[in-house]
Amino acid sequence: MPELPEVETVRRGLTRLVGHAQITSVDVYYEKMVSPEANQFKKMLAGKTIERIDRRGKYLLFRFNDDLTMVSHLRMEGKYDVQPAGNPITKHTHVVFHLADDRDLRYTDTRKFGRMHLLKTGEEAELVAGLKKMGPEPTAETLSVAYMKTIFGKSKKAIKPFLLDQSNIAGLGNIYVDETLWLSRIHPEQPANTIPEFQIRQLRANIIAEIKRAIDGHGTTVHSFSTAYGEAGEFQNHLMVYGRKGEPCFRCGTPIEKTKVAQRGTHFCPDCQALRKNPGETMVLGLTGGIATGKSAVSDLFKAYQIPVIDADKIARKVVAPGTTGLKQIQSTFGWQMIQPDGSLDRHALGTLVFSQPEALAQLNGITGPLIKKAVKRQLQGYRRRKVPLVIYDAPTLFEAHQAAVVNEIMVVTVPEQVQLERLMARDQLPKKEALDRISAQLSLAEKVKRADVVIDNRHSVDKTKAQVVRWLNEAGFGSLMTDKAK
DNA sequence: CAACTTCCCTGCGCGC
DNA sequence: TGCGCGCAGGGAAGTT
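Rules used in this analysis
- Residues numbered from 1 in each chain as written.
- Chains lettered and ligands numbered in written order.
- Predicted model: local features only at pLDDT ≥ 70, side-chain atom pairs only at ≥ 80, totals over all residues.
- Heavy atoms only, no water.
- Axes fitted to C-alpha atoms, helices over the stretch in contact; angles between N-to-C directions.
- Helix = DSSP H or I, 4+ residues; strand = E, 2+ residues; numbered from the N terminus.
- Parallel < 35°, antiparallel > 145°, perpendicular 65-115°, else oblique.
- Left-handed = near helix turned anticlockwise from the far one by under 90°.
- Contact = heavy atoms within 4.5 Å.
- Nonpolar A, V, L, I, M, F, W, Y, C, P; charged D, E, K, R; others polar.
- Buried < 20%, exposed > 50% of the residue type's maximum accessible area, 1.4 Å probe, protein only.
- Domains from an automatic or database assignment.
- Buried area = accessible area lost by both parts, 1.4 Å probe.
- Salt bridge = Lys/Arg side-chain N within 4 Å of Asp/Glu carboxyl O.
- Polar contact = N/O pair within 3.5 Å; in protein donor to acceptor, adjacent residues only side chain to side chain.
- Pairing = 2+ DSSP bridges.
- Near = heavy atom within 4 Å.

1. Some words on the packing of helix α11 (residues 325-334) against helix α13 (residues 358-385)
Then comes step 1: For the pair α11 and α13, the least separation of the axes is 10 Å and the interaxial angle reads 160°. One element, α11, and the other, α13, form an angle in the roughly antiparallel class. Between α11 and α13 lies a crossing of right-handed hand. For the pair α11 and α13, the contacting residues are Thr325, Gly326, Gln329, Ile330, Thr333 and Phe334 in the first and Ala360, Gln363, Leu364, Ile367 and Leu371 in the second.
Then comes step 2: Taken together, the residues that form the contact of α11 with α13 break down as six nonpolar, five polar and no charged.

Pasting the structure below:
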C-alpha cells in the first residue's frame, strides 16, 4: 500500500526508466480506470512524449509535451513496471502504454482502485478534487509549526483521521500515522485541538524525519531498535507499532494494542500513548545515560537555565529516609541489620546484600519503585498546575526502572565505551575489572541510545555538549527559556 | 461545514 | 479439501 515515500520511490524509478519515452499507443483493459473515456484517453496519448514525472502527495503527475498531464493515483496496490514489448499481460494488467523503443509501460492493480486522469497541464489542481484540497508536503520547508498549530486548533477530530486527511498534511497513510503517533507518544483518539504545542512540534519533527527516512530507504522505514524485551533474532520488521499487535512496545514493553479508530485498523501502545483528558502544556524530558557518561553535567546545564530538574536519585533517598514507610518496609523485609544506630538506612549493608542476591534486589525495587513513581508523579502534578513549560526528569535508570512512559521525550547522554571506562576508573578510583562490572550491571549504553529520541554526545568539550543541549532547546521550541545570564 | 458512512475491488485467512 | 464470510485499504461521494 503505497504512501508518500513509496510513491516518491516509484516516481524516481519511472523517471530513470521512462523519463523521456515516447508513447506510440495505449491499451486499456479496464475502462473505469481512466478518464476521459478510454477511446479519447488512448487518442490523446498516442505520439506523446513524457517530459517529466512529478509527485504531489500520493499522486503521480506524468507531464507530456503539448501541455498534457496524466494524474495517476496508485491507491492500494497499483504498480507500474516496464517490460519488453509483447510480453504477455497478467490477469491484473489494466493499462499498457506501448513505447517507441519496443518497451511497454504497464499498470497493474489487483483491486482496481487506482485511477488515471488525463487533462491539460495546470488544470489538474482545479479538476482533481484530491489535488485541489491537498495539504502541504511533509518536509521541513513546507510544513511549518505555525500552520500545524492553526489547523490543529480548529479541529476536534481524533488525531488519527485528522492526519489521514490529505487536506491537512499530504502523503500520510495508515502506517506512517500509527508510526509517527507512537514516536510522539500521542493517543490516536486524542482530539487534535487538545494536543499541546510541544507535542505538535514533536509530531511535526517525527513526520518529517520518518518520511525522509522512508524516502532515503526507498519506501521502507529502518529503525535501529534491537532485540529489546526478549525478541529473538534480528529485527526484520522495521515498523515500531504497525502490525505488532500483542508484541511488546519497544519503549516500555507493554503489549501493543490494535483497535479501530475512524474505521481504520490502529496500532498503539496503551502505556506510552495515554489518552489525556486535560493535556497540560508541560513537557517532561527524561534525561538518562550510562554511568560516568556525564549526565549530571547536562542536568546542570538545564539548571543553569532555571529549568526545573527532578532528581530521581534524590527522590530514591527521600523515600527511605528515617521515619518513612519505605524504611519501615525495608526493615521488616530485610531485618534490623539494615538500620544504623541513628535510625537511618545502612546503605553499605543493603548494597552488599542486593548486589549478591538478585531476588533481594527485586524485592528492594518492589518496595522503592512504586514509592519513587508516586513521588515523581506528585512533583510533576505541581509543575503542571503551575504551567511550567519544561521539566527535566533526571533518572539514571529510566529504562531499567520502567519509567520511560512517564516522560514525553527521552534524552540520552553518551560517550564511546572506552571513554566511559576511563572516566569511571578515574572518577571513582576503580581498577579496570570493577569499573567494567559496574558498566555491565546497567542496560548497555548502545541499547539506551537506540531507545533515545535525542542523543547528546558528551565525548568532547563542555562547550560542544552545551551547544547540543541549546540546539535541542531551540528545536523543541524552548529557546525563550534560555535567559541572557545563562547564555 | 464537520463528521460519518458507503462504495469501489480482490485476495486471503478463518471457521465450519 | 472446499465454501462462504468478513476484512483490508485511500479517497471520493453521499448522508446526517
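2. A few points about the side chain of His187
Then comes step 1: Note that His187 resides in the loop between α7 (174-184) and α8 (197-216).
Then comes step 2: For His187, a relative accessible area of 9% puts it in the buried group.

3. Quick look at the domain arrangement of chain A
Then comes step 1: Segmentation of chain A into domains returns domain 1 (4-132), domain 2 (145-268) and domain 3 (283-481).
Then comes step 2: Look at where the C-alpha atoms of domain 2 and domain 3 centre, and you get two points 28 Å apart.
Then comes step 3: Around 1200 Å² of area is buried between domain 2 and domain 3 when both sides are counted, 48% of it from carbon and sulfur atoms.
Then comes step 4: Our count for the contact surface shared by domain 2 and domain 3 stands at one salt bridge.
Then comes step 5: Salt-bridge contacts for Arg185 lead to Asp453; the nearest nitrogen and oxygen are separated by 2.9 Å.
Then comes step 6: Our count for the contact surface shared by domain 2 and domain 3 stands at five residue pairs in polar contact (both at pLDDT 80 or more).
Then comes step 7: The dominant element in the side of domain 2 that touches domain 3, judged by the number of residues it contributes, is α8, at four residues.

4. With respect to the sheet that holds strand β4 (residues 59-64)
Then comes step 1: Strand order in the open sheet formed by five strands is β2-β9-β5-β4-β3, and the pairing between neighbours is mixed. With one partner strand each, in any of the chains shown, β2 (34-35) and β3 (50-56) form the two edges of the open sheet.
Then comes step 2: Bridge count for β2 against strand β9 (residues 115-120) is two bridges, and the pairing is parallel. Within the sheet, the bridge partner assigned to Ser35 lies in β9 and is His117.

5. A short note on the protein's contact with DNA strand B
Then comes step 1: As a structural note, the neighbourhood of DNA strand B is formed by Tyr30, Lys32, Lys91, His92, Thr110, Arg111, Lys112, Phe113, Lys156 and Gln263.
Then comes step 2: In the interface set of DNA strand B, defined as its atoms within 4 Å of the protein, sugar plus phosphate atoms amount to 62%.
Then comes step 3: Side-chain polar atom of Lys91 to a phosphate oxygen of DNA strand B: 3.4 Å apart, as the coordinates give it.
Then comes step 4: Residue Lys112 places a side-chain N or O atom 2.9 Å away from a phosphate oxygen belonging to DNA strand B.
Then comes step 5: Here the residues of the surface near DNA strand B sort into two nonpolar, three polar and five charged.

6. Brief notes about the protein's contact with DNA strand C
Then comes step 1: As a matter of local geometry, DNA strand C sits amid 16 residues, with Tyr59, Arg75, Arg111, Tyr242 and Arg264 nearest to it.
Then comes step 2: Here a phosphate oxygen of DNA strand C and a side-chain polar atom of Lys58 are 3.1 Å apart.
Then comes step 3: Among the residues making up the surface near DNA strand C, the classes are represented as five nonpolar, six polar and five charged.

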